[in-house]
Amino acid sequence: MNFREYLKENIVYLDGGMGTLLQQQGLIAGEHPEHWNLSHSDVITNIHKAYFDAGSNVVCTNTFGANSLKFSDEELEQIIMAAIFNAKAAREQSISKKEKFIALDIGPSGKLLKPLGDLDFEDAVSVFSKTVKLGVKYGVDLIVIETMNDSYETKAAFLAAKENSNLPIIVSNAYGEDGKLMTGASPAAMVALLEGMGVDALGANCSLGPQQLRGVVNELLEKASVPVILKPNAGLPKSVNGKTVYDITANDFSDEVASLIKKGVRVAGGCCGTTPEYIKALCEKTCDYTPVPLKQKNITMVSSYSHAVEFGNEPVLIGERINPTGKKRFKQALIENDMDYILAEGVNQQEKKVHILDVNVGLPDIDEVKMLENAVCELQAVIDLPLQIDTSNIAAMEAALRRYNGKAMINSVNGKAESIKAVFPLVKKYGGLVVALTLDENGIPETAEGRVEIAKKILNAAAMYGIEKKDIIFDTLAMTISADNKAALATVGALKTIRDELGCHTSLGVSNISFGLPNRDAINGTFFALSLENGLSAAIMNPYSADMMKTYYTYKALKGLDENCAEYIGAAHLFTSVAPAVLEKAEKTEEFGSHLQRAIIKGFKEKAGELTRSLLESVPALQIVNDEIIPALNIVGEGFENKTVYLPQLLMSAEAAKSAFEVIKSSMSGEEKNTKKGVFVIATVKGDIHDIGKNIVKLLLENYGFNVVDLGKDVPAQTIVEKVVELKAEIVGLSALMTTTVPAMEETIKLLKKQASWCKIVVGGAVLTKEYADKIGADKYAKDAMETVRYAETVV
């Protein structure tokens, strides 16, 4: 039986932790666990066998950190070949009668992808592809992508697996205490992304114990139509006699996980701190459980890097302003590659409360493929709204979809065979909610019935490509009533039938209805209301239109979708049309200081630099820093601490502030340039190649005026101590992501206490807690980058 078949009808048991078991077998601080596939193959085989014997259906190869960023191509192949050989040997030796499968284990690269980090998306795909190809070559049964804390890196790894194998792919992400990934994705956002791309199972692992992950699991079970995975830690880590141990027993762990299997979890195992004992207890307690049947949730949704937008609960607004049609200034921005203008259009619409942004950069005078890809990437760097990729250029559509971080809305496909053949394979490969126009080779039918027939044809074609109707949203085409006074009736009639009979969602470019007429907003607003009442799910619209926004808020209030009419009351003062040009003029009359703060808060790097350069003509540099840059950073930092701002927004704001600082720095004298708050030495400890957290902390500290000395990753304890002593550093920051490298952190702290007792030590990383940090002698445990900054400011 292959894994996909087994997954359909059974509860699947994964294995447990590897790192803590290797430490017990003698893995020393800073040693790469992957090397043990070659040097201690008997140990690895015995651990795999113990998991199979305990009841695991799947063991993951000891390849969590095996990638080409860490090992040479030759060494990587030796490691993966040996890892798979060890797992196969364990399967042969196991006494268990259960079905047994071997999974290629793929963990994070240890780097943050651009624009937040320095690893390009395609380079990440290439890194993961090398590992996948070797896994396929040496005969694994499935691929497990796990412990990913960034949706974009998750997509890169998944795409690598999908493009280089036909194997089942299951994915579990590492969620924090706030129920989100490090870069902000909610469980619903990950369901949208991964189900859209065709994952076989999805879920959560690592970071927390089963009880702390219960909220995440509940959301996954609510949203996902594929099997849900749970692979938690054995609680929280602590240090006992120099070794990492966890605070939940096998009995308590198995009780918690078993209760979630009863709720619907279909794939279960353990992560850090769990052992064969934990898996055995879980299997014994659930051996007579009947798997909860999978249920198709039929949720139509799109997502960004942070959240999902569902269709059907309330009207969805799609901002139409990023489109050159009829917009002279926007055309100019495209020709001049003025990305700041395009980003400003996006930010302004976001502030007007749209849910999705339409992105159309089609212009004969430009390279649309390059421009659309770039616009999507740049917009996602500063805005967390899902995007609608709007193009008839198939090459541009694929380039943008490939780079998109989330599940995009795609505009569009139609009933023509040529269109279906071009667009549906992209939807199937990359995922997406595709707008289907109700026209075909014969044009646009004049009647509602004709348009519904085309909708049926499109649904049948989609099914042949394996695309469900939840991922099709129909546009019944608003045609101007100035040319046909019955046009609106045909459009609205088709909306109603598609909703009631086909059970599908709909979208319209509302403003088309009024083309050629005076006072267009009045027509648009009324048509919007008529369409909503007849089944319209989403409107591509102008959020600056008072009539459209009035309709939206009044409709929600009247339909019981606005509790206590709070949204209506809050928006009432905005029911006056404000053209973008007027907004732009108002911005130009603003004081430069507040304009600079806005540029930093929104993450406009180039704009921040330009405004700082202009401001320096009349304001002293230090005043700009203290009155503009630092306050802007504090606003974003406080938002991050209060969970209203996500990591990507924090980092893009920090980059914008850095741009402003660079301009200020170039204007300063040599003596002024050397003015710093204090020396902060930072490093990822020996054996750990994951430097994402460290790099984030570094960027923020530099913006707050610290002289940061970055020693990099995989840094020996003595090297860190020597640099602290040499510079008389007031504070040092140590980072570790992996359980196996925490002993190296403890060793470094002991050495620092002995040789640099004046230096304060702050530590962070996914495997740490305050209790653990206290136990190994750190002065401060910082749960995130902003907490590190706050602490550093109290020290220096």
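Bear in mind the structure is a predicted one, so any value in this text is a computation, not a measurement.

## What about the sheet that holds strand β22 (residues 707-710)?
- What the five strands build is an open sheet, ordered β22-β21-β23-β24-β25; its pairing is parallel. Of all strands in the sheet, those bounded by a partner on one side alone are β22 and β25 (780-781).

## Topic: unusual backbone geometry
- For the peptide bond that leads from lysine 114 to proline 115, omega is 10°, which places it in the cis range.
- Here proline 115 is to be found in the loop between β3 (101-106) and α6 (121-137).
- Residue asparagine 411 is joined to serine 412 through a cis peptide bond whose omega torsion reads 25°.
- If you trace the backbone, serine 412 turns up in strand β16 (residues 409-414).
- Backbone geometry places leucine 477, a non-glycine residue, at a positive phi of 65°.

## Looking at the pattern of salt bridges
- Tallying each qualifying case throughout the model produces 41 salt bridges.
- One salt bridge connects lysine 223 with glutamate 222, and the closest N-O pair in it is separated by 3.5 Å.
- Residue aspartate 338 pairs with arginine 329 through a salt bridge whose shortest N-O separation is 3.1 Å.
- The network of salt bridges with shared partners includes Glu122, Glu163, Arg402 and Lys429.

## Regarding helix α14 (residues 368-382)
- Here α14 contains 15 residues, and its C-alpha end-to-end distance of 21 Å stays within 8% of the 21 Å for a straight helix at 1.5 Å per residue.
- Near the N-terminus of α14, the side chain that reaches the backbone nitrogen of valine 369, with its oxygen 3.2 Å away, is that of aspartate 367.

## Examining the nonpolar core
- Ranked by internal contacts, the top residues of the largest apolar core, which has 218 residues, are Ile145, Phe424, Ile472, Phe474, Phe528 and Ile629.
- The element contributing the most residues to this core is helix α26 (residues 647-667), with ten residues.
- Counting 29 residues, the second largest nonpolar core, distinct from the first, contains Val679, Val715, Val763 and Ile776.

## Comments concerning the confidence of the model for the chain
- Per-residue confidence for the chain gives a mean pLDDT of 93; residues scoring 70 or more make up 96%.
- A low-confidence stretch, residues 582-593 stays under pLDDT 50, and its non-local contacts, those more than four residues away or across chains, total eleven contacts.

## Side note on the environment of leucine 363
- Note on placement: leucine 363 falls in the loop between β14 (356-359) and α14.
- Relative accessible area serves as the criterion here: at 12%, leucine 363 is assigned to the buried category.
- Sequence separation between leucine 363 and glutamate 345 is 18 residues; the distance between their C-alpha atoms is 17 Å.

## Let's talk about the packing of aromatic side chains
- Following the criterion strictly, the structure yields seven aromatic pairs and no others.
- Relative to phenylalanine 101, the ring of tyrosine 6 lies with its centre 5.8 Å away and its plane at 55°, an arrangement referred to as tilted. You can see tyrosine 6 sitting in helix α1 (residues 3-9) and its partner phenylalanine 101 sitting in strand β3, a full 95 residues away along the chain.
- Judged by relative accessible area, which is 11%, tyrosine 6 ranks as buried.
- Ring centres of phenylalanine 253 and tyrosine 278 lie 5.4 Å apart, and the angle between their planes is 75°; on these two criteria the pair is classed as edge-to-face.

## Some thoughts on the pairing of strand β18 (residues 472-475)
- Side-chain alternation along β18 places Ile472 and Phe474 on one buried face and Ile473 and Asp475 on a second face that is also buried.
- Pairing analysis gives four bridges linking strand β17 (residues 433-437) to β18, with the strands arranged parallel. Counterpart to valine 434 in the pairing with β18 is isoleucine 472.
- The pairing of β18 with strand β19 (residues 505-509) spans two bridges and is parallel.

## Examining helix α30 (residues 742-755)
- The terminal C-alpha atoms of α30, which comprises 14 residues, lie 20 Å apart, in line with the 20 Å expected from a rise of 1.5 Å per residue.
- Here α30 has its buried residues at Val742, Pro743, Ala744, Met745, Glu746, Thr748, Ile749 and Leu752.

## Looking at the environment of alanine 160
- Mapped onto the fold, alanine 160 is located in helix α7 (residues 151-164).
- When the C-alpha atoms of alanine 160 and isoleucine 682 are compared, they prove to be 33 Å apart, with 522 residues separating the residues in sequence.
- Sequence-distant contacts of alanine 160, defined by excluding residues within four places in its chain, comprise Val125, Phe128, Ser129 and Val132.

## Here's the deal with the environment of tyrosine 704
- Mapped onto the secondary structure, tyrosine 704 falls in the loop between α28 (692-703) and β22.
- For the pair formed by tyrosine 704 and asparagine 634, sequence separation is 70 residues and the distance between their alpha carbons is 9.6 Å.
- For tyrosine 704, the contacting residues outside a window of four places in its chain are Ile630, Leu633, Asn634, Lys677, Met786, Val789, Arg790 and Glu793.

## Description of the packing of helix α13 (residues 339-351) against α14
- Their axes nearest at 10 Å, the elements α13 and α14 cross at an angle of 55°. In terms of orientation, α13 and α14 fall into the oblique class. The chirality of how α13 crosses α14 is right-handed. Contacts from Met339, Ile342, Leu343 and Gly346 in α13 reach Met371, Asn374, Ala375, Glu378, Leu379 and Val382 in α14.
- When the residues that make up the contact of α13 with α14 are grouped by side-chain class, the tally is seven nonpolar, two polar and one charged.

Conventions used here
- Residues numbered from 1 in each chain as written.
- Predicted model: local features only at pLDDT ≥ 70, side-chain atom pairs only at ≥ 80, totals over all residues.
- Heavy atoms only, no water.
- Pairing = 2+ DSSP bridges.
- Helix = DSSP H or I, 4+ residues; strand = E, 2+ residues; numbered from the N terminus.
- Salt bridge = Lys/Arg side-chain N within 4 Å of Asp/Glu carboxyl O.
- Expected span 1.5 Å × (residues − 1).
- Polar contact = N/O pair within 3.5 Å; in protein donor to acceptor, adjacent residues only side chain to side chain.
- Core = buried A, V, L, I, M, F, W, Y, C linked by side-chain atoms within 4.5 Å.
- Buried < 20%, exposed > 50% of the residue type's maximum accessible area, 1.4 Å probe, protein only.
- pLDDT = per-residue confidence, 0-100.
- Contact = heavy atoms within 4.5 Å.
- Phe/Tyr/Trp six-rings, centres within 6.5 Å; stacked < 30°, edge-to-face > 60°.
- Axes fitted to C-alpha atoms, helices over the stretch in contact; angles between N-to-C directions.
- Parallel < 35°, antiparallel > 145°, perpendicular 65-115°, else oblique.
- Left-handed = near helix turned anticlockwise from the far one by under 90°.
- Nonpolar A, V, L, I, M, F, W, Y, C, P; charged D, E, K, R; others polar.

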